[in-house]
Amino acid sequence: MKGGRRQIALARDLRQSQTDAEKALWARLRNKQLRGVKFRRQQPVGSYIVGFVSFEQKIIVEVDGGQHNERKVRERDEERAAWLKERGYQVLRFWNNEVLANMEGVLEKIGEVLR
């Protein structure tokens, strides 16, 4: 159970230290604003903590900064996405600048997957 408590504490810390892009997206996803779908932020799924998740729709939305361009981070992201996909989740990834510059386009893409 130690790992579970540690993971919950980490998720709580991540919720407190969101990027501007994550804050902006959360403002548009929270309270079932997008197609009436409930999203949670910084939630444990298996051994991972995902940015935003709809457990009902099995959709995960990640907002990435520049570090996700690094080879090792990309490989970890791919491994993680494969693990989540095996469990029925669809993972959508957006760049921070994409969320900040084109919020409506990002919401439209998420909405298309929710149909």
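The following paragraphs examine the structure supplied in this document. (Residues numbered from 1 in each chain as written. Predicted model: local features only at pLDDT ≥ 70, side-chain atom pairs only at ≥ 80, totals over all residues. Heavy atoms only, no water.)

### Structural notes on the packing of helix α2 (residues 20–29) against helix α5 (residues 103–114)
Here is step 1: As a packed pair, α2 and α5 sit with axes 11 Å apart at the nearest point and diverge in direction by 55°. Regarding the angle of α2 to α5, the classification is oblique. Between α2 and α5 lies a crossing whose hand is right-handed. Between α2, through A24, L25, R28 and L29, and α5, the contact on the second element is made entirely by M103, E104, V106, L107 and I110.
Here is step 2: Of the residues that constitute the contact of α2 with α5, the class distribution is seven nonpolar, no polar and two charged. (Axes fitted to C-alpha atoms, helices over the stretch in contact; angles between N-to-C directions. Helix = DSSP H or I, 4+ residues; strand = E, 2+ residues; numbered from the N terminus. Parallel < 35°, antiparallel > 145°, perpendicular 65-115°, else oblique. Left-handed = near helix turned anticlockwise from the far one by under 90°. Contact = heavy atoms within 4.5 Å. Nonpolar A, V, L, I, M, F, W, Y, C, P; charged D, E, K, R; others polar.)

### Regarding α2
Owing to its 3.6 residues per turn, the α-helix aligns residues three or four sequence positions apart on the same side.
Here is step 1: Every buried residue of α2 is accounted for by A21, E22, L25, W26 and L29. Seen end-on, α2 carries its buried residues on one side only, within an arc spanning 130°.
Here is step 2: Considering only its buried residues, α2 is in contact with β1 (40–45), β2 (48–54), β3 (59–64), α4 (96–101) and α5.
Here is step 3: At the C-terminal side of α2, N31 shows a positive phi close to 55°. (Buried < 20%, exposed > 50% of the residue type's maximum accessible area, 1.4 Å probe, protein only. Arc of directions from axis to C-beta.)

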